[in-house]
Amino acid sequence: MATSSKTAAAAKQTKKKVSLSDQNLLLVITIVIFLVMYLGAIIFLGGGFRNAQNLFNILMQQSALIITACGMSLVMITGGIDISVGGVVALVCMSCAVCLDYMGGNVPLSILVALGIGLAYGVVQGFLVAYLEIQPFIISLAGMFFARGMTTIVHSQPFNVENEAFAALKNTRIIVPGMGNTNRLGNYVDAYINIGVIIALLVVILLFVMLRWTKLGRAFYAVGGNSQSALMLGINVKRTKFIAHLMCSLLAGVAGYAFFLYVGSGSPSHASGMEMDAIASSIIGGTLLTGGVGNIIGTFVGVLSLSTIQNIVSSIGLDDAWWTGITVAAMLCLFLIIQSVVTSRKKD
Amino acid sequence: MQKSGTKSKSSAGQFFAELTRKPIFIPIVALLLLAIFNLVMDPGFYAIALNHNSEGYPVLSGSLITILDNGSELAILAIGMTLVTAASGGQDISVGAAVAIAGSVILRVLCGTETQPESLQAPVIVAFLLACVVAMLFGAFNGALVAFFRIQPMVATLILYTAGRNIAAWINQNRLPIVSEPSFGYFGGTIPGIPIPTPFFIAVICVAIIALVLKFTTLGLYVQSVGINENSARLNGLNPKLIKILTFVILGLCVAVVGLIKVSRISTINYSVVAKDIEMDAILAVALGGNSLAGGKFNMAGSIMGAYTIQFLTTTLYKYNVPSEALPAYKAVVVIVLVVLSAPVVKARLGALGKKLSSKKNTAKEVG
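This one's a predicted model, so the numbers in the text were calculated from it and none came from an experiment.

Participant: Any chance you could break down the overall build of chain A for me, citing the residues and the numbers?
Facilitator: In terms of helices and strands, chain A carries 14 helices and four strands. Out of the 348 residues belonging to chain A, those deemed buried represent 54%. Across chain A, contacts joining residues at least 24 apart in sequence account for 76% of those joining residues at least 6 apart. Carbon and sulfur atoms make up 65% of the accessible area of chain A, which totals about 15,300 Å².

Below you can see the structure in the form of structure tokens.
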């Protein structure tokens, strides 16, 4: 520690608390920026942002992204990366749509198809990355190509699913009590969410618990932080990496179904660029690409920040499509530089 | 083009063992397999015909010419990508988006604010040079993020990947300018009287330049030493940050050249489609060329061979009526097979197996 920060450090030590670690600092920065952004939107833009429904809409739109980003964070914590998730989401959507409309399948079968695709992807990619020690980037790149290609091979044209049982499931609305608002006519409108949001929130909570309080979760951090010392601690590094990739792909399958529930159609162009959004959300949420640092809550906030900024950009009238991309990129740039500064500060 | 190490060896076995260790072995084997496959399935694949185009000039046509033509962009990008990979141990995933920016700049300069001007607003060379400057600036931006902020290259370039096509659309305010000047089409088509497509010549010039640079300057040595061990490179008096940025700037230059070819091919631009997924192909070319994606030593000839191998595969698949959207699935299978075969773990296992099986013969053939 530098002498200048001695007093600050001493003050913290008296509270028997280690000074804010990288992980917590990055998380705090993310949450603060998200809150400032959202409050700023409420104050300066008002309108839609004042309603709770706006937040729920973001959640509904992004439920698939939340799930994939959580899976991505798991892989990134162990020091890997998986860019096949967007392709898997598209493949799951298309396969489920074909299963429901052309093969005479039912809803439980389509769910099994979604999970099966995710599982198969996870097993293959996990095996190649963990046991054959091939770079995760190149494997998941091939995985992405494969998924995108397979999607068009399964069915080449986009179409809407007309299965009734599925439509009923798709339109299920879960009313959130007490969060509604009155519309212009003075009628009270309930705020609602859909099933995808429930799945996404469940995933976030489960993974948070797993990473924080289970042996496996701690093994993830250990492997990502330093795989050599993790090996010496008796952690099965290969198996841990395998499980991380397995979970990421399985979650991509789940996310595919959540996305399918939201859009209700199959199309080869679904979820294009979702892998990059997932990586960006994880980074914004404070997950370090070098591995060992990351937090599921941060990732969740990262997704919300990403979509809030998109919402803000479109509501302040910068409707030209390019501004969204440019602001998201600028935000990513900002967070990357913050991360870089925060992590290098420690070494000096 | 460089030949793979054909030093005269006493026995064929030793020669094969030597050859399998060369990084250029993988693309050559892949290319040969593809070539034999095509020869068996349909020898007509190799037919080259001399036709006349709509203006009455002779042009060569045939699958091989298509490969040489369309593979050029990839080969040019593979040059820059190899250097970036070697120096920083990561890949630039923004090249496709950067090509869109470069193309957009060229059209902006050539067409001004009009959608379809009667005559060019500026000479092509000016537009190209400006595109070079812009692409190199973006390269320097990527390089600075990688070198100074120590962000992984893939992630640092994710920024430009997200923003690039949007910036390209913004440069021309989402207009789609059309260049009607026929001479502009020479760069992506054919020059009247010369039957071979121009992109191939451009690729050859680029390859020749980089071959000369690698031969007569210390660039290659410095890039490799930074990639192998940044700290010892610094202790030996090199400036790793500068060299990393330099590789990204060189990639920017390659991007500008590709941008020129791309817009010249169709005389206009489609921001969301131009050079789509080319970054993935360029990275594959580098990996196929036997280069480690983790940086360090590189093999430029291998990457360029890799680029043409990928184009060979693409053209072969097109020939069997594979729709362009389904193409990635087949490519992915090929890539996975190649990567698995070249993985160190698999190589070691296969090597041990080969030794066990043929202890008297040492013709350790690894790839079946």
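What follows picks up the thread again.
Participant: Can you explain the overall build of chain B? Please cite residues and give values.
Facilitator: Scanning chain B from N- to C-terminus turns up 14 helices and two strands. In terms of overall dimensions, chain B is globule-like: its C-alpha atoms have a radius of gyration of 22 Å, near the 21 Å expected for 368 residues. Referenced to the eigenvectors of the C-alpha coordinate spread, the extents of chain B come out at roughly 75 × 55 × 40 Å. When the 368 residues of chain B are sorted by exposure, 50% land in the buried category. Pairs at least 24 apart in sequence give 73% of the contacts found in chain B among residues at least 6 apart. Of the accessible surface of chain B, which amounts to about 16,900 Å², a share of 64% is contributed by carbon and sulfur atoms. Of the side-chain charges in chain B, 26 are positive and 15 negative, and the distance between the mean point of each set is 18 Å.

Participant: Please give an account of unusual backbone geometry that cites residues and values.
Facilitator: In this structure, Glu133 of chain A is a non-glycine residue whose phi angle is positive, near 55°. For Glu133 of chain A, the position within the fold is in the loop between helix H5 (107-131) and helix H6 (136-154). Taking the relative accessible area as the measure of exposure, Glu133 of chain A reaches 47% and is therefore partly exposed. Backbone geometry at Ser267 of chain B places phi at a positive 60°, although glycine is not the residue there. Take Ser267 of chain B: it is sitting in the loop between helix H10 (240-266) and helix H11 (278-288).

Participant: Mind laying out the packing of aromatic side chains, listing which residues take part and the relevant values?
Facilitator: Residues and elements named next belong to chain A. The final tally for this structure, using the stated rule, is 10 aromatic pairs over all chains. Taken together, a centroid distance of 5.3 Å and an interplanar angle of 85° make the contact between Tyr102 and Phe159 edge-to-face. Here Tyr102, found in the loop between helix H4 (85-101) and H5, pairs with Phe159, found in strand E1 (residues 159-160); they are 57 residues apart in sequence, far enough to count as distant. Each ring, one from Tyr257 and one from Phe260, has its centre 5.8 Å from the other, and the planes form 65°; the classification is edge-to-face. Taken together, the residues Tyr257 and Phe260, both in helix H11 (residues 237-263) and three residues apart, mark about one turn of the helix.

Participant: Lay out the nonpolar core in plain terms, naming residues and giving numbers.
Facilitator: The nonpolar side chains of a soluble globular protein tend to be buried, and buried together. Formed by 210 residues in total, the largest nonpolar core has its most connected members in Ile134, Ile138, Leu207 and Phe260 of chain A together with Ile76 of chain B. Looking at this core element by element, the count peaks at 15 residues for helix H3 (residues 52-77) of chain A. Not counting residues up to four positions away in its chain, the partners in contact with Leu207 of chain A are Cys70, Leu74, Met247, Leu251 and Ile296 of chain A. Counting six residues, the second largest nonpolar core, distinct from the first, contains Leu25, Leu26, Leu288 and Val293 of chain A.

Participant: Any chance you could break down the environment of Pro192 of chain B for me, citing the residues and the numbers?
Facilitator: Residues and elements named next belong to chain B. Residue position: Pro192 is located in the loop between helix H6 (153-171) and helix H7 (198-216). According to the relative accessible area criterion, Pro192 is partly exposed, its value standing at 27%. Sequence separation between Pro192 and Ala98 is 94 residues, and the spatial gap between their C-alpha atoms is 30 Å.

Participant: Please give an account of the interface of chain B and chain A that cites residues and values.
Facilitator: Contacts between chain B and chain A engage 41 residues on the former and 37 residues on the latter. Regarding the contact of chain B and chain A, the summed buried area is about 3,400 Å², with carbon and sulfur atoms giving 85% of it. Seen at the junction of chain B and chain A, the total is zero salt bridges. A per-element tally of the side of chain B that touches chain A places H6 of chain B first, with 11 residues. For the side of chain B that touches chain A, the class distribution of residues is 33 nonpolar, six polar and two charged.

Participant: Account for the confidence of the model for chain A, naming residues and giving values.
Facilitator: When the pLDDT values of chain A are averaged, the result is 83; 88% of them are 70 or greater. Within chain A, helix H1 (residues 6-14) of chain A has the poorest average pLDDT of any element, 47, and H11 of chain A the best, 93.

Participant: An account of the pattern of salt bridges is needed here, citing residue identities and associated values.
Facilitator: Residue and element names in this part refer to chain B. Taken as a whole and assessed by the stated rule, the structure comprises seven salt bridges over all chains. In this structure, Glu73 engages Lys262 in a salt bridge whose closest nitrogen and oxygen atoms are separated by 3.4 Å. Here the residue Glu73 occupies a position in helix H3 (residues 63-88), and Lys262 occupies one in helix H10, the gap between them amounting to 189 residues. Using a relative accessible area of 3% as the deciding quantity, one classes Glu73 as buried. Here Glu230 and Arg150 are joined by a salt bridge, their closest N and O atoms 3.9 Å apart. Of this pair, Glu230 sits in helix H9 (residues 230-235) while Arg150 sits in the loop between helix H5 (124-148) and H6, and the two are 80 residues apart along the sequence. By sharing partners, the salt bridges in this structure join Asp69, Glu73, Lys262 and Arg265 into a single network.

Participant: Break down a nonpolar patch on the surface for me, citing the residues and quoting the values.
Facilitator: Side chains of Leu32, Ile36, Phe37, Leu39, Val40, Met41 and Tyr320 of chain B sit close together on the surface and give an oily, nonpolar patch of about 710 Å² of accessible area. Tracing the chain through its elements places Tyr320 of chain B in the loop between helix H12 (300-319) and helix H13 (327-342).

Participant: Could you give me a rundown of the packing of H3 of chain A against helix H12 (residues 274-284) of chain A, with the residues and numbers involved?
Facilitator: Relative orientation and spacing of two packed helices are given, respectively, by the angle between their axes and the distance between those axes. Residues and elements named next belong to chain A. Their axes nearest at 8 Å, the elements H3 and H12 cross at an angle of 65°. As H3 runs across H12, the sense of the crossing is right-handed. Contacts from Ala64, Leu65, Thr68, Ala69, Met72, Ser73 and Met76 of H3 reach H12 at Met274, Glu275, Asp277, Ala278, Ile279, Ser281, Ser282 and Ile283. Its residues assigned to classes, the contact of H3 with H12 shows nine nonpolar, four polar and two charged.

Participant: Just give me the short version of the side chain of Ser104 of chain B, but keep the residues and values in it.
Facilitator: Residue and element names in this part refer to chain B. Relative to the assigned elements, Ser104 resides in helix H4 (residues 95-111). Polar contacts involving the side chain of Ser104 include one to the main-chain carbonyl oxygen of Ala168, which spans 2.7 Å. With near-sequence residues (within four places) excluded, Ser104 lies in contact with Ala168, Ile171, Asn172, Ile269 and Tyr271.

The rules we used
Residues numbered from 1 in each chain as written. Chains lettered and ligands numbered in written order. Predicted model: local features only at pLDDT ≥ 70, side-chain atom pairs only at ≥ 80, totals over all residues. Heavy atoms only, no water. Helix = DSSP H or I, 4+ residues; strand = E, 2+ residues; numbered from the N terminus. Buried < 20%, exposed > 50% of the residue type's maximum accessible area, 1.4 Å probe, protein only. Contact = heavy atoms within 4.5 Å. Areas by Shrake-Rupley, 256 points an atom, 1.4 Å probe, with all protein chains shown as cover. Rg over C-alpha atoms; globule rule 2.2 N^0.38 Å. Lys, Arg positive; Asp, Glu negative; His and termini not counted. Charge placed at Lys NZ, Arg CZ, Asp CG, Glu CD. Phe/Tyr/Trp six-rings, centres within 6.5 Å; stacked < 30°, edge-to-face > 60°. Core = buried A, V, L, I, M, F, W, Y, C linked by side-chain atoms within 4.5 Å. Buried area = accessible area lost by both parts, 1.4 Å probe. Salt bridge = Lys/Arg side-chain N within 4 Å of Asp/Glu carboxyl O. Nonpolar A, V, L, I, M, F, W, Y, C, P; charged D, E, K, R; others polar. pLDDT = per-residue confidence, 0-100. Patch = residues over 30% accessible without salt bridge, like charges linked within 9 Å, V, L, I, M, F, W, Y side chains within 5 Å. Axes fitted to C-alpha atoms, helices over the stretch in contact; angles between N-to-C directions. Left-handed = near helix turned anticlockwise from the far one by under 90°. Polar contact = N/O pair within 3.5 Å; in protein donor to acceptor, adjacent residues only side chain to side chain.

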